[in-house]
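The residues making up each chain are set out below.
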Amino acid sequence: MCFWKDKVFMKKVLLLSVPIAIQNLITSILNIFDQLMVGWLPTNADNCLSAVLLSNQIVFIFQIILFAASNTAIIFIAQYTESNNYKKIPPTMGFLLIVGGIICSICTLLCTAFPSLVISIFSPSVEYKALATEFLSVVGFSFIPMAFSVMLNFSMRGIRRMKLGLFSNVVAVVCNVILNYLFMFGGLGIPAMGFIGAAYGTILSRIIEFIIMIVGVIVLKYPLLASPKKMFCFTKKFVKKYFKMFFPILCNEIFWVLSGTVYLYVYDKLPDSEVVLAAMNIAQSVDKIVSVAMIGVGSAVGVVIGNTIGEHNGEKLRDYSKKSWWFSVAVGIFVGLLTFVGAFFVPSFFTEVSPLARHTSKILLFLFGITAVLRSISFMAVVGILRSGGDTTFCMLMETLLIWLVSVPLVFLFGLVFKWNIYALYALTNVSELLKCIVFTYRVKGDKWIKFKVDKSVPETQPAKQN
């Protein structure tokens, strides 16, 4: 399938995927700078990195729930955009803001008022439990500005307006790097706070990002926001359709991220767990940077598939889904090669981390590179194709069953009972990835995943003014 020869398809995907990839790259660079600066601390660098890893896993759970809500809204916004039905976008956005506001209120309260209880789900070692608790209690205040920035950013993808989100991300990253350094190591009259300074830098940078985002959407008159009367006039029929999509996506993401939490729990019980967690933190930071291509292309394909559904063109929809699958293979190979290259030099930047942690992270990165194609195919199939076609329940069932009936029991058994090393355990987490590739590839080849009506004429609507 020569997907690169279809200039229309490639143009659509690349015009969306490049800004999305850059946004994710910027966020990933921000994360790795955080890890680097923590790794530069003169004392307890391994324990501090382990504490940040556990705290960020909680942050990641919050983000995943928020992403599920936002991705559900994109499915509808992309269709409304392509069919020029812009009047339905503000109510969709209004409902998303309500859902996101409830999510962020609950998560903020739990992490700021009961951080020790939340961190205890990992049963962390005493060496870094107090550090992780302190970090989470502060960084939890970043959830509110983060939530509204994410919802606006995702919604702008649905209307194909990417520049504002990219600009706000760039400013946020620059501010975060500068603020983190000042708060952690001191300067300009600010006392050195150590690793907890990274949490304060994150809060301020998220606030700056949100201010730029909301002002930009209003000034540029994007068709996302309107008067409260127009934004909160969604129908019961829409609410039912939204939650029919949202709950499978949410369950899918929650069970997926909880599996990662289980893996961290097992890793924490291995010998020299502080070394293992510090190495995993470094490896995951690098992996997030090189995987932006995978995320960008997958997310872009999701919008393109949604637009094509809005056109009601079934033939083009099937053609684009097949080309997207082959595109994911090429992207996976590219990501794998980048990971191999990064493994040779990135760990050495963490100068204050123990040599064993740096060596462990290098081997982990090699394994990440080997499994990149599997992860790319799964991501494209689920996020890019099947969910956009409305096949959310099938995705949720298959991903959850394959992870929790295969990889999780294997990691528990061979990690806690047989005490296998981190490399073998990571390989076991990818057994489910292989099975997902097989199942989802078979699903994409058929038509059962297309839950919306296609091959019908587009209803006539009055297009709203675009900016």
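Residues numbered from 1 in each chain as written. Predicted model: local features only at pLDDT ≥ 70, side-chain atom pairs only at ≥ 80, totals over all residues. Heavy atoms only, no water.

Once that is clear, we can look at the overall build of the chain. Across its full length, the chain holds 18 helices and zero strands. Considering the chain as a whole, with its 467 residues, one finds that 58% of them fall into the buried category. The long-range fraction of contacts in the chain, counting pairs at least 24 apart against all pairs at least 6 apart in sequence, stands at 84%. Accessible surface for the chain amounts to roughly 19,400 Å². Of this, 70% is attributable to carbon and sulfur atoms. (Helix = DSSP H or I, 4+ residues; strand = E, 2+ residues; numbered from the N terminus. Buried < 20%, exposed > 50% of the residue type's maximum accessible area, 1.4 Å probe, protein only. Contact = heavy atoms within 4.5 Å. Areas by Shrake-Rupley, 256 points an atom, 1.4 Å probe, with all protein chains shown as cover.)

Attention now goes to the side chain of Asn430. With respect to the helices and strands, Asn430 occurs in the loop between helix H17 (422-429) and helix H18 (431-445). When near neighbours in sequence (up to four residues on either side) are disregarded, Asn430 contacts Thr371, Leu374, Arg375 and Ser407.

What follows is about the nonpolar core. Proteins that are soluble and globular tend to have nonpolar side chains buried together. Core analysis: the biggest nonpolar cluster contains 103 residues, and Val13, Phe62, Met93, Phe135 and Tyr242 have the highest contact counts within it. Looking at which element gives the most residues to this core, the answer is helix H2 (residues 45-82), with 20 residues. Those residues in contact with Tyr242 that lie beyond four places of it in its chain are Ala69, Thr72, Ala73, Phe76, Phe95, Leu96 and Val99. (Core = buried A, V, L, I, M, F, W, Y, C linked by side-chain atoms within 4.5 Å.)

This part covers a positive patch on the surface. A surface patch of like charges, here positive, comprises Lys87, Lys88, Lys237 and Lys241. Inspection of the secondary structure puts Lys87 in the loop between H2 and helix H3 (89-113). We classify Lys87 as exposed; its relative accessible area is 69%. (Patch = residues over 30% accessible without salt bridge, like charges linked within 9 Å, V, L, I, M, F, W, Y side chains within 5 Å. Salt bridge = Lys/Arg side-chain N within 4 Å of Asp/Glu carboxyl O. Lys, Arg positive; Asp, Glu negative; His and termini not counted. Charge placed at Lys NZ, Arg CZ, Asp CG, Glu CD.)

Taken as a whole and assessed by the stated rule, the structure comprises eight salt bridges. Residue Arg443 pairs with Asp391 through a salt bridge whose shortest N-O separation is 2.8 Å. Taken together, the residues span a long stretch of sequence, with Arg443 in helix H18 and Asp391 in the loop between helix H15 (372-386) and helix H16 (392-417) at a distance of 52 residues. The residues Arg443 and Asp391 share a single accessibility class, namely buried.

Together, Ile98, Ile102, Ile106, Leu109, Leu110, Phe114, Leu117 and Phe232 give the surface a local cluster of nonpolar side chains, amounting to about 770 Å² of exposed area. The greatest single-element share of the nonpolar patch, amounting to five residues, is contributed by H3. If you trace the backbone, Ile102 turns up in helix H3.

A word on the packing of H16 against H17. Remark: H16 packs on H17, axes separated minimally by 8 Å, with the N-to-C direction vectors making an angle of 165°. Regarding the angle of H16 to H17, the classification is roughly antiparallel. For H16 against H17, the interelement crossing comes out right-handed. Taking contact as the criterion, the partners of Ser407, Leu410, Val411, Phe414 and Gly415 in H16 are, on H17, Leu425, Leu428 and Thr429. A breakdown of the residues in the contact of H16 with H17 according to their chemical character gives five nonpolar, three polar and no charged. (Axes fitted to C-alpha atoms, helices over the stretch in contact; angles between N-to-C directions. Parallel < 35°, antiparallel > 145°, perpendicular 65-115°, else oblique. Left-handed = near helix turned anticlockwise from the far one by under 90°. Nonpolar A, V, L, I, M, F, W, Y, C, P; charged D, E, K, R; others polar.)

Attention now goes to the packing of helix H13 (residues 314-343) against helix H14 (residues 355-370). For the pair H13 and H14, interaxial distance at closest approach is 8 Å and the crossing angle is 170°. The angle between H13 and H14 falls in the class roughly antiparallel. For the pair H13 and H14, the contacting residues are Gly336, Thr339, Phe340, Gly342 and Ala343 in the first and Lys362, Leu365, Phe366, Phe368, Gly369 and Ile370 in the second.

Tracing the chain through its elements places Arg375 in helix H15. Of the residues examined, Arg375 reaches a relative accessible area of 16% and is grouped as buried. Those residues in contact with Arg375, other than ones at most four positions away along the chain, are Asp287, Ser291, Met294, Phe368, Tyr426, Asn430 and Glu433.

Further remarks concern the environment of Leu365. Its location among the elements puts Leu365 in helix H14. Looking at Leu365, the relative accessible area reads 0%, which means it is buried. The sequence separation of Leu365 and Thr339 amounts to 26 residues, and the corresponding C-alpha distance is 6.3 Å. Residues in contact with Leu365, not counting those within four places in the same chain, are Ala283, Val286, Asp287, Thr339, Gly342, Ala343 and Pro347.

Bringing helix H8 (residues 197-219) into the picture now. For H8, built from 23 residues, the straight-helix expectation of 33 Å at 1.5 Å per residue is met to within 8% by its first-to-last C-alpha distance of 33 Å. Count one or two residues on from H8 and you reach Lys221, which has phi positive near 55°. (Expected span 1.5 Å × (residues − 1).)

Moving on, we get to the packing of aromatic side chains. Given two aromatic rings, their pairing is described by the distance between the two centres and the angle made by the two planes. With the rule as written, the count across this model stands at 23 aromatic pairs. Among the aromatic residues, those joined into a cluster by ring pairs are Phe76, Phe95, Phe238, Tyr242, Phe243, Phe246 and Phe247. (Phe/Tyr/Trp six-rings, centres within 6.5 Å; stacked < 30°, edge-to-face > 60°.)

Assignment of secondary structure puts Val174 in helix H7 (residues 163-185). Remark: the alpha-carbon pair of Val174 and Ser205, spanning 31 residues in sequence, is separated by 8.5 Å.

The subject of this paragraph is the environment of Phe414. With respect to the helices and strands, Phe414 occurs in helix H16. Expressed as a C-alpha distance, the spacing of Phe414 and Val266, which sit 148 residues apart in the sequence, is 9.6 Å. Discounting residues that sit within four places of it in the chain, Phe414 has contacts with Lys419, Trp420, Leu425 and Leu428.

With that settled, consider the confidence of the model for the chain. Per-residue pLDDT for the chain averages 81, and the proportion of residues at 70 or more is 89%. Confidence, expressed as mean pLDDT per element, reaches its minimum in the chain at helix H1 (residues 7-39) with 72 and its maximum at H17 with 92. When the criterion is pLDDT under 50, residues 456-467 qualifies, and its contacts beyond four places in sequence or with other chains add up to 21 contacts. (pLDDT = per-residue confidence, 0-100.)

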